[in-house]
Structures are given as structure tokens and as C-alpha cells.
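# Working through the structure, step by step
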Amino acid sequence: MQLQQLRYFLAVAETRHFTRAAEATHVAQPSLSQQIRSLERELGAELFHRTRGRIALTDAGDALLPLARRILADTESARLAVQETVQLRRGRVRLGAPPSLCTSLVPDVLRVFRDRYPGVALGVREGGSRDLVRWLAAGELDLALVITPASGEAAPALDVTELLHEELVLVASDAPKKRRTVRVAELRGRPLVMFREGYDVREATLAACRAAGFEPEFAVEGGEMDAVLGFVRAGLGPAVVPGMVAARSGLGVTPFAGPGLGRTIAVAHGHEVPLTRAADALRGTLLAHLRDAARGGELPPGTRLLL
């Protein structure tokens with residue numbers, strides 16, 4: 001049974017005339033009649049009583065009519081749904097990102113994407129880079145912003161594009177205005193506000209302090225990004241945070257003296273599964289946003305585009 005045969009059947013049933021049905025479906029009348037006969041042979045029953053000057057549905061035709069209408073309506077709905085998805089009037093994107101990027105880069109990118117593709121549903125999942133890589137490999141995310149080299153652990157399974165190098169800086173509620181830089185060694189004996197375990201920034205800070213020959217002290221430990229900034233504002237101590245977060249925090253910012261602290265941000269997706277059109281559009285929106293920000297001098301100091 002072919003969809004075109006059902007369309008011809010429906011046209012004859014509605015017009016009660018083979019010639020007018022052929023005209024309505026833009027096919028020669030003999031071809032239409034042949035297709036109706038083929039449909040009847042496949043179904044094993046006549047669909048129309050054919051008498052001179054009169055066409056009427058048989059009992060079999062009456063039974064087929066509502067089903068044919070439903071099948072053709074569902075087919076049109078499927079065509080429109082696919083067309084809308086291809087044209088990005090519908091769809092879904094599942095994006096993963098570290099919490100630090102969800103409070104800095106991600107909102108701006110999603111705002112641009114949402115304005116351009118309002119029919120595409122957006123889902124965001126926060127996590128550390130190792131978790132994000134695992135979720136990508138499991139097919140639970142379409143795209144993820146990750147911090148390298150954590151993304152490199154699953155490089156064979158992922159396509160990874162490095163986007164930015166971002167400096168880590170020290171934020172404090174009482175940062176001296178004339179102080180230009182701070183050395184990592186100067187954090188010795190100075191209690192820090194520290195992120196919970198699993199944060200890439202925490203691991204980078206601990207590694208830098210240990211490389212300088214000491215274990216850092218914590219004034220308070222275990223917070224998420226918003227909590228850490230809140231603790232710093234309350235005067236509990238300074239914290240090491242990404243430059244893009246610091247630029248929006250309203251806190252005093254002090255860069256580290258060279259070679260400094262930094263991290264590389266990349267966008268990743270599964271290597272074996274092609275991106276959906278919606279996910280590819282979000283990736284393109286992200287790249288365009290970063291290039292525009294770099295050309296316009298809108299990236300925070302110490303943040304360098306790698307594209």
C-alpha cells in the first residue's frame with residue numbers, strides 16, 4: 001500500500017468521480033484508475049461501486065476512508081515536524097558546562113541563540129569537566145564546554161575545539177587598588193575561600209600552591225560559584241576564580257604575576273554521532289559570539305581567543 005494510492009482513493013471518495021479526482025491530484029485519469037485497482041487487489045476488496053454516472057463507496061471503502069484520512073494527516077504532520085526541525089523552528093539542544101562558565105559565558109551565548117531560534121528547547125547541565133566528558137560519551141549531552149586537559153582523557157571519542165585561554169585571578173572584598181599583581185607564594189598562610197571538590201579551579205589552585213612549596217589554608221571550603229563569591233563579599237577571605245567570572249563579580253581583582261594561573265576552555269561533542277542541526281547552530285553561535293567579543297575588545301583582561 002502506497003501513500004499516493006491512498007491520496008487517489010481519498011480524492012475519488014470525496015469527488016465521487018474519477019475524472020475530477022484525477023484533475024484534483026494532477027494525474028492522468030487512466031493512471032489514477034490503475035492505481036486504485038492496484039490498491040483494491042492488494043486489499044482483496046473493491047473500494048467503489050462503479051455504475052454508469054455514479055461512484056459510491058463499498059463497505060470496504062467506508063472502512064478504509066477514515067483510516068486513509070488519518071494516515072495522510074499523520075504523514076503531513078511528520079513532514080512538517082521534520083521540516084520545522086531542519087529549519088530550526090523546533091528541536092532540542094543539551095549543553096553541559098562547568099558552573100564557572102554557566103555564570104559568565106553561557107548566559108550571553110544562550111541569549112543570542114534563543115533570540116535567533118526561539119522554538120528550540122534548551123537544556124543545561126552543570127558539572128566538572130570529567131563528568132561532562134562522561135556524559136558526552138554516554139550520549140546524555142549534545143555539546144559541552146570543558147576545561148582541558150580533562151577533555152583530552154576521552155579525546156578518541158570526542159571532537160574537541162579549543163576556544164579560549166582564560167587567566168585565573170584573585171578576588172577579594174578589600175583588594176588594594178594600587179596592587180598590580182600577586183605571586184602565588186603570597187597566598188601562604190592566607191586563608192582562602194575554596195570551591196568544593198570537583199571544580200577545575202580548585203584543582204588548579206591546589207596544584208599552583210603545591211608547586212610553590214606549601215599547602216593552602218581554607219577560611220571556608222565546599223562552595224559552589226555563587227556561594228564562593230558571596231563568602232568573598234562577606235569578607236571571609238579571597239578566592240581564586242576565572243577572569244570572566246571576576247569581571248562580573250564587582251569584587252577587587254588582582255592578577256597573578258607571571259607565569260600566572262590559567263585554563264583552556266574548549267567545546268566538545270561526540271565524535272561518532274553527528275551533531276543535530278540545532279546543536280550545530282548552537283556551536284556556531286558560540287564561536288561567532290567569541291569572535292565578535294574578541295574583535296570588539298569585550299573579552300576580560302587576560303582572556304585570549306584561540307580560534
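Above this note sits the structure.
For the structure given in this document, a descriptive report is provided here. (Residues numbered from 1 in each chain as written. Predicted model: local features only at pLDDT ≥ 70, side-chain atom pairs only at ≥ 80, totals over all residues. Heavy atoms only, no water.)

### As for the side chain of Thr205
Here is the rule we go by: Only DSSP runs of H or I covering at least 4 residues are called helices, and only runs of E covering at least 2 are called strands; the numbering of each starts at the N terminus. Here the term buried applies to any residue with accessible area under 20% of the maximum for its type, exposed to any over 50%, and partly exposed to those in between, with areas from a 1.4 Å probe on protein chains only. We call two residues in contact when some of their heavy atoms are within 4.5 Å.
Here Thr205 is to be found in helix 8 (residues 200–211). Residue classification places Thr205 among the buried positions, given a relative accessible area of 2%. Once residues within four sequence positions are removed from consideration, Thr205 is found in contact with Leu192, Met194 and Val240.

### Some points on a nonpolar patch on the surface
The line we're drawing: Within this analysis, patches are made of residues with over 30% relative accessible area and no salt bridge. Like charges are joined at 9 Å or less; nonpolar side chains (Val, Leu, Ile, Met, Phe, Trp, Tyr) at 5 Å or less. Per-residue accessibility takes into account occlusion by the displayed protein chains alone, with areas from the Shrake-Rupley method and a 1.4 Å probe. For salt bridges, the criterion is a side-chain nitrogen of Lys or Arg within 4 Å of an Asp or Glu carboxyl oxygen.
A surface patch of nonpolar side chains, amounting to about 220 Å² of accessible area, comprises Leu3, Leu67 and Ile71. Inspection of the secondary structure puts Leu67 in helix 4 (residues 59–86).

### Thoughts on the nonpolar core
Just so we agree on the cut-off: Take the buried Ala, Val, Leu, Ile, Met, Phe, Trp, Tyr and Cys residues and link them wherever side-chain atoms come within 4.5 Å; each set so joined is a nonpolar core.
Membership of the largest hydrophobic core comes to 30 residues, with the highest contact counts inside it found for Leu101, Leu105, Leu145, Leu163, Leu282 and Leu286. Elements represented by at least two residues in this core include exactly strand 3 (92–97), helix 5 (99–102), helix 6 (105–116), strand 5 (143–148), strand 6 (158–172), strand 11 (261–270) and helix 11 (277–295). In terms of residues, this core owes the most to one element, helix 11, which gives eight residues. If we ignore the near neighbours within four places in the chain, the residues touching Leu105 are Leu145, Met244, Leu286, His289 and Leu290. With 28 residues, the next largest nonpolar core counts Val182, Leu192, Val232 and Val240 among its residues.

### Here we look at the pattern of salt bridges
According to the stated counting rule, one finds twelve salt bridges in the structure shown. We note a salt bridge from Glu186 to Arg183, for which the minimum N-O separation is 3.7 Å. Given the relative accessible area of 31%, Glu186 is considered partly exposed.

### Comments concerning helix 8
Where we set the bar: The span you would expect from a helix comes to 1.5 Å times its residue count less one.
The end-to-end C-alpha distance of helix 8 is 17 Å, a good match for the 16 Å that twelve residues give at a rise of 1.5 Å each. Looking only at helix 8, the buried set comprises Asp200, Val201, Arg202, Thr205, Leu206, Ala208 and Cys209. Phi turns positive one or two residues past the end of helix 8, at Gly213, with a value near 95°.

### Digging into the side chain of Asp142
Mapping Asp142 onto the fold places it in the loop between helix 7 (129–137) and strand 5. Judged by relative accessible area, Asp142 falls into the buried class, the value being 14%. Once residues lying within four places of it in the same chain are set aside, the contact partners of Asp142 are Arg92, Val93, Arg94, Leu136, Ala268, His269, Leu275 and Ala279.

### Observations concerning the packing of aromatic side chains
Stated precisely, the cut-off is as follows: Centres within 6.5 Å are what make two rings of Phe, Tyr or Trp a pair, Trp counting through its six-membered ring; a difference in plane orientation under 30 degrees is then read as stacked, over 60 as edge-to-face, and the rest as tilted.
Under the counting rule described, the total for this entry stands at four aromatic pairs. Taking 5.5 Å as the distance between ring centres and 45° as the angle between the ring planes, the aromatic pair formed by Phe9 and Phe48 counts as tilted. Here Phe48 lies in strand 1 (residues 48–51) and Phe9 lies in helix 1 (residues 3–15), a separation of 39 residues in the sequence. By relative accessible area, Phe9 is classed as buried at 0%. On the numbers, 5.0 Å between centres and 50° between planes, the contact of Phe113 with Tyr117 is tilted. With respect to burial, Phe113 and Tyr117 carry one shared label: buried. Grouping aromatic residues by their ring pairs yields a cluster made of Phe9, Phe18 and Phe48.

### Some remarks on helix 3 (residues 29–43)
Heads up, the condition is: Regarding the arc, it is the one traced by the directions from the helix axis to the C-beta atoms.
Along its 15 residues, helix 3 runs 21 Å from first to last C-alpha, staying within 8% of the 21 Å computed at 1.5 Å per residue. Regarding helix 3, the residues found buried are Leu32, Ser33, Ile36, Leu39 and Glu40. Projection of helix 3 onto a plane perpendicular to its axis shows the buried side chains occupying an angular sector of 120°, all on one side. Facing away from the buried side of helix 3 by more than 90 degrees, the exposed set consists of Pro30 and Arg41.

### A closer look at the environment of Ala212
Summarising the element assignment, Ala212 is placed in the loop between helix 8 and strand 8 (218–223). Assessed through its relative accessible area of 32%, Ala212 is described here as partly exposed. As for Ala212 and Arg183, which are separated by 29 residues in sequence, their C-alpha atoms are 9.6 Å apart. Beyond its immediate chain neighbours, meaning those up to four positions away, Ala212 contacts Val184 and Arg188.

Remember that the coordinates give geometry; whether it matters functionally is a separate question.
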